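The lines below spell out each chain.
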Amino acid sequence: MASRKEEKERLRREREERERQEREAAQRRARVTRIGGALAVLLAVGAIIAIVALTGRGGDADPAAAAEGLQETQGPWQPLVEGLTDRENALGLPAPSDTIYHVHAQLKVFVNGKEQKVPNNIGIENGQVKSSLHTHDEKGVLHMEAVEVYPFELGQFMTIWGVKFTNTQLGAFRAGNGLVLETYLNGKKVPNGPKVKMKQSDRVVIGFGKPNSFPKDFKLDPAAAGS
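Now for a quick tour of the structure.

Cut-offs and rules
Residues numbered from 1 in each chain as written. Predicted model: local features only at pLDDT ≥ 70, side-chain atom pairs only at ≥ 80, totals over all residues. Heavy atoms only, no water. Phe/Tyr/Trp six-rings, centres within 6.5 Å; stacked < 30°, edge-to-face > 60°. Helix = DSSP H or I, 4+ residues; strand = E, 2+ residues; numbered from the N terminus. Buried < 20%, exposed > 50% of the residue type's maximum accessible area, 1.4 Å probe, protein only. Lys NZ or Arg CZ within 6 Å of the ring centre and 35° of its normal. Salt bridge = Lys/Arg side-chain N within 4 Å of Asp/Glu carboxyl O.

1. Examining the packing of aromatic side chains
In this structure the tally under the stated criterion is 7 aromatic pairs. Geometrically, the ring pair formed by F157 and W161 is tilted, given 6.1 Å between the ring centres and 50° between the ring planes. On the criterion of helical spacing, the pair formed by F157 and W161 is a turn pair, its members being 4 residues apart in helix 4 (residues 154-161). Each member of the pair, F157 as well as W161, is classed as buried. Here a set of aromatic residues connected by ring pairs shows up, and it is made of W77, F157, W161, F173 and F208. Taking the ring centre of F218 as reference, the NZ or CZ of K108 above it sits at 5.3 Å. Over the ring of F214 we find K216; its NZ or CZ atom is 5.8 Å from the centre of that ring.

So this is what it looks like as structure tokens:
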């Protein structure tokens, strides 16, 4: 039979062994927590990168780069497919999606009293939607379809179309010598056409020529009335 002294020694060794095992278990839990925290940070960073890639907001917008190579001819202006993706990225527009944000406006363009066709497939390449600003027909119905609610501007659409548009220039046409370049939103003249922010069912007119040589408003097409 073990003596009292031997029994105490045995209990002491068992207690120390339990304490050692508890310390090791605590250290393992701490390591797992640190690893888990690092993984969470990596996942969060990955999510941010994915969102940036999805929305096309990899950097600040560069309007000057977006304006390179735009058509400065007298029209008619066909969709400029060359450089479309570069212009989309330079504008900093969100990626297209027809399920999250999807609204319509309608645009009519007049030059010297004659309506200029707003062609179909603006912002579309090889049948694939490349831009969150695009057209599907020749009625001038602008589709604004994006992964987020976004204040799309008329100037951005004209850049996606590929037509030079400023407050004084439309393609090859420049205001001056008795000729004007004006923009109207829902029948009201606006001071800065390229910066017009378009919303659901907005009616937009760009007119160049002699004053009062073009309509300032029109009846909205049913295709632009709904989302």
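2. Regarding the pattern of salt bridges
A full pass over the atoms with the stated rule returns 9 salt bridges. With its nearest N and O atoms 3.3 Å apart, the salt bridge here joins E182 to K189. Taking relative accessible area as the criterion, E182 reaches 13% and is therefore assigned buried. According to the relative accessible area criterion, K189 is exposed, its value standing at 52%. For D217, the salt bridge is made with R203, and the minimal N-O distance between the two is 2.7 Å. Placement of D217 in the loop between strand 11 (202-209) and helix 5 (222-225) and of R203 in strand 11 is noted, with a sequence separation of 14 residues between them. Residue class for R203 comes out partly exposed when judged on its relative accessible area of 22%.

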